[in-house]
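# Coordinates in review
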Amino acid sequence: MSHALPYEKLPELLTLQPPSVRLAPNDRVRLPDVYTRLIDTAVFQRLRGVRQLGYVDRVYPDATHSRFAHSLGVFGTAVGYVQALWQDQQTSFFRDTFKYPDIRKALVAALLHDIGQYPNSHVLEDTERTAEGFLSGSMFDHENYTRLLLTDFGFLEDSLGGGKAGHAAAVEFHRALEGLAVTGVEVAGLLKGDLTRPEESVLRAIIDGPIDADKMDYLRRDAHHAGVAFGVSIDAHRFYESLTCASVEKPDGDEVHALALTEKGRAPAEQLLVARGHMFREVYWHKTVRAHEAVLAAAVARLRPSVEGFETWFRRMVLSPSTTDDWFVRSALSLVESGKHEDMHLLADKMQPEERAAVVAHLKSVLTTSGRTAYKTLLTVTRREDDMLYDVLQDVRDVSLARRENLMNELIGKFAARAADAGLSLGSVHEIVLDVPARRSPANTGWLVEFDEVGTQSTVTLGDASEMWAQFGRQFHDQARHVRVFVPWAVRERVKREVRNGDAILRSCLRDAAVEVGRRAVQLELGV
C-alpha cells in the first residue's frame, strides 16, 4: 500500500516540480521560495567560497566544488530519506511519530549543517584532536561556529561584518528561518544531539549517523568531481527503498528507535562503506594531499605560541563573507615575513630565525598551485608493516595538547640525530614534518532489520550482518591511515641518491627515537 506524501504541508518533497536546481552528478533538488530566501542570505552564500575538498585539487584538478553545492546536495538527499521513510511498507513508525514541523526542522538542519565550515577546517581541527576526541568549542571547531550562527544573534551580526549591514543581514537570516516555521535554536539542538524527545534520534541519524545523507552526498559528489568511480557506483535508489526504522537496545538496556536498513539494503550499505574506504585511501588521504595538510598543520603548531592576538584575529575573520579559500595561509605568511598582520604580532623571542624560515617555506609550499608540493615523502609507516612503530607514534600524538608539540619536536630531533649518525643528513629539523593521523574511535556501524511473514522484526548491527562491513572496518587503519615523514624535495632526492638502503635505515632511526620519546610521553601523562 502506497502512502501519499504530505506535499501541501511540505512542498519540498515534490521533487519533480519547479523551482529546482540541478546538481552533479545527476541530481535535481526542489527549492520552494521559502528555502530560496534562506539560501540567498549572506550566511549561506558564504559557502560558495569554501572548497569542499581543500587541497585535493592539487591531485584531482576538477575537485574544486564548494560546501555550498554539498549543502544543497545533503538537503536533496535528506528529502529522499524522508520520502522513503514516509512510504515505508514495513512499519508506520515514521508517519505516526513525526509531524510536519519535525520533518521541516530535519530538512532545514540538513541544509544548514555546514554553515560553520571554513577553509581547511578539518586540517586545523585535527591539530587539537586528542585520544579523547576533538576539543569542542575551540577556535577551530566548525560545529561550534554552526551552533553560534544559529543561536547567538550577536555572534551572527559580528560574523557578517557588524554595524547596520551586519544587523540587517542577521535579521534577514532569522526572517528566512521564521518563514520556514523553525528557529535557529531548534535546528542547532537537532544538529548537536540535544533532542526534545528520544524519537528524534531517527531524524538526527538522517543528518549525522553511520548511513546518513551527508555521507551519501559527499561520497558521490566528491567521487564525481575527482573523476573516480568509487562513490558513483553506490546504488542510491535501492538504498532509499530499504530505509526503515527499527527498535534497538542500547548498552544500558533501554530501547530506542533508530534509522536502519532492510535486508535489501545490505549491498548498497556495503557499497557505501567500500566507497568511503577507497575515497579516503585514494583521494582524501592521497600522499600529496596529506603533504599539503601536514605542512600547514606544522606551520600552525609553530605559529600559535609565537603570535600575539592569533585567536582573537582568527575568530573575527574565520566566517567573514570576504574570506577567500587561502585567506589563512596568505595572512599567516604575511605575518611571519613582516612580523605583523592586522591585529597580530610575531613574538620574536618565541621563534628562532631558522624556525621562522621553515614556517615561511611550509606556507609557500602549501600555496603552490603547480599540482605538486615542495615537500615529498621520505618515509611511510603502515600498521600492517610495522604495528609496533605505528602504535608508538600514535601514542605520542595522542598526549595532551599541552605536551604534544614539545614531544613531537623532540621526536623529530632525535630521529634526525640518529639519521645523521647513520650517515643521512636530513637538513634542518624545523623542515622535517611528521604526519601522524589523528586516532578516532570506531563509529556505530548502523542497523539491519529483517521482518518475517507476520511483521516481527529482528535487528542486528551491519557489522554483525555483513562480514565485508566488519572486515573493511577493521582494515581501515591498515589501508588508509599511514604515518609519513615529509621533507623538502632536495633532501628526499639526496637521500635516495646517496644511500641504497635508506628506507630501512630511516625506519630503524625513527623506531629508536619513537620508543625513547614514547616511553617519556607515557611517564609524563601518568605523572611518573
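Residues numbered from 1 in each chain as written. Predicted model: local features only at pLDDT ≥ 70, side-chain atom pairs only at ≥ 80, totals over all residues. Heavy atoms only, no water.

Okay, the overall build of the protein next. Helices and strands together make up the secondary structure of the protein, namely 24 helices and 14 strands. Relative to a compact globule of 528 residues, whose C-alpha radius of gyration would be 24 Å, the protein shows 25 Å and is just as compact. Overall, the protein is about 75 × 60 × 45 Å in size when its C-alpha atoms are taken along their principal axes. Taken across its 528 residues, the protein has 55% of its residues classed as buried. Excluding contacts between residues fewer than 6 apart, the proportion of contacts in the protein whose partners are at least 24 apart in sequence is 72%. (Helix = DSSP H or I, 4+ residues; strand = E, 2+ residues; numbered from the N terminus. Rg over C-alpha atoms; globule rule 2.2 N^0.38 Å. Buried < 20%, exposed > 50% of the residue type's maximum accessible area, 1.4 Å probe, protein only. Contact = heavy atoms within 4.5 Å.)

Below, the discussion takes up the sheet that holds strand β10 (residues 375–381). Read from one edge to the other, the open sheet built from 3 strands follows the order β10-β14-β11, with strand pairing classed as antiparallel. Each edge of the open sheet carries a strand with a single partner, namely β10 and β11 (433–435). Taken pair by pair, the neighbouring strands of this sheet meet at an average axis angle of 25°, ignoring direction. Where β11 meets strand β14 (residues 483–488), 3 bridges bridge the pair, whose relative direction is antiparallel. Counted as the bridge partner of L434 is V485 from β14. Helix α23 (residues 489–498) rests against β10 and β14 of the sheet, and its axis sits at about 100° to β14. (Pairing = 2+ DSSP bridges. Axes fitted to C-alpha atoms, helices over the stretch in contact; angles between N-to-C directions.)

Another aspect to go through is the packing of helix α3 (residues 67–86) against helix α12 (residues 213–226). Between α3 and α12, whose axes approach to 8 Å, the crossing angle comes to 125°. The pairing of α3 with α12 is recorded here as oblique in orientation. Where α3 crosses over α12, the two elements pack in a sense that is right-handed. Only A213, D214, M216, D217, Y218 and R221 of α12 make contact with α3, whose side of the interface consists of A69, H70, G73, V74, T77, A78 and Y81. Residues of the contact of α3 with α12, tallied by class, amount to 7 nonpolar, 3 polar and 3 charged. (Parallel < 35°, antiparallel > 145°, perpendicular 65-115°, else oblique. Left-handed = near helix turned anticlockwise from the far one by under 90°. Nonpolar A, V, L, I, M, F, W, Y, C, P; charged D, E, K, R; others polar.)

Moving on: the pattern of salt bridges. Counted according to the given criterion, the structure contains 29 salt bridges. The partner of R67 in a salt bridge is D114, with the nearest N and O atoms 3.2 Å apart. Residue R67 is found in helix α3, and its partner D114 is found in the loop between α5 (100–112) and α6 (121–126); the two are separated by 47 residues along the sequence. The exposure class of D114 is buried, given its relative accessible area of 5%. One salt bridge in this structure joins E263 and R266, with 2.9 Å as the shortest N-O distance. In this structure R266 comes out as partly exposed when scored by relative accessible area, which is 22%. (Salt bridge = Lys/Arg side-chain N within 4 Å of Asp/Glu carboxyl O.)

This next bit is on the sheet that holds strand β7 (residues 307–308). Reading across from one edge, β7-β9-β8 is the order of the 3 strands in this open sheet, with antiparallel pairing throughout. In this open sheet, the two strands that pair with only one neighbour each are β7 and β8 (340–341). Pairing of β7 with strand β9 (residues 344–346), which is carried by 2 bridges, proceeds in the antiparallel orientation. Counted as the bridge partner of V307 is L346 from β9.

Bringing helix α10 (residues 184–192) into the picture now. Residues G184, V187, A188, G189, L190 and L191 constitute the buried set of α10. Buried-residue contacts for α10 involve α5, α7 (142–151), α9 (163–179) and α11 (201–207). Note on α10: the residue one or two positions beyond its end, G193, has a positive phi of about 95°.

To continue, consider unusual backbone geometry. Cis rather than trans, the peptide bond between A24 and P25 has omega equal to 0°. Secondary-structure assignment places P25 in the loop between β1 (20–23) and β2 (27–30). A positive phi angle, close to 60°, is found at N120, a residue other than glycine. Within the secondary structure, N120 is located in the loop between α5 and α6. In this structure N120 comes out as buried when scored by relative accessible area, which is 14%.

A few words now on α9. In this model α9 runs 24 Å from its N-terminal to its C-terminal C-alpha over 17 residues, within 8% of the 24 Å that 1.5 Å per residue would give. Residues of α9 that are buried make contact with α1 (33–39), α2 (42–45), α5, α7, α8 (153–159) and α10. Looking at the residues trailing α9, positive phi occurs at A181, about 60°. (Expected span 1.5 Å × (residues − 1).)

Another point: the packing of aromatic side chains. Under the criterion given, the structure shown has 22 aromatic pairs. An aromatic cluster of at least three residues, connected via ring pairs, comprises Y118, F140, Y145, F155, F310, W313, F314, W327 and F328. Over the ring of F68 we find R48; its NZ or CZ atom is 3.9 Å from the centre of that ring. (Phe/Tyr/Trp six-rings, centres within 6.5 Å; stacked < 30°, edge-to-face > 60°. Lys NZ or Arg CZ within 6 Å of the ring centre and 35° of its normal.)

Turning to the packing of α5 against α10, a few remarks are in order. Running from amino to carboxyl end, α5 crosses α10 at an angle of 75°, the nearest separation of the two axes being 9 Å. If you check the angle between α5 and α10, you find them roughly perpendicular. Contact with α5, carried on its side by K105, A106, V108, A109 and L112, involves E186, V187, L190 and L191 of α10 and no other residues of that element. When grouped by side-chain class, the residues that make up the contact of α5 with α10 number 7 nonpolar, no polar and 2 charged.

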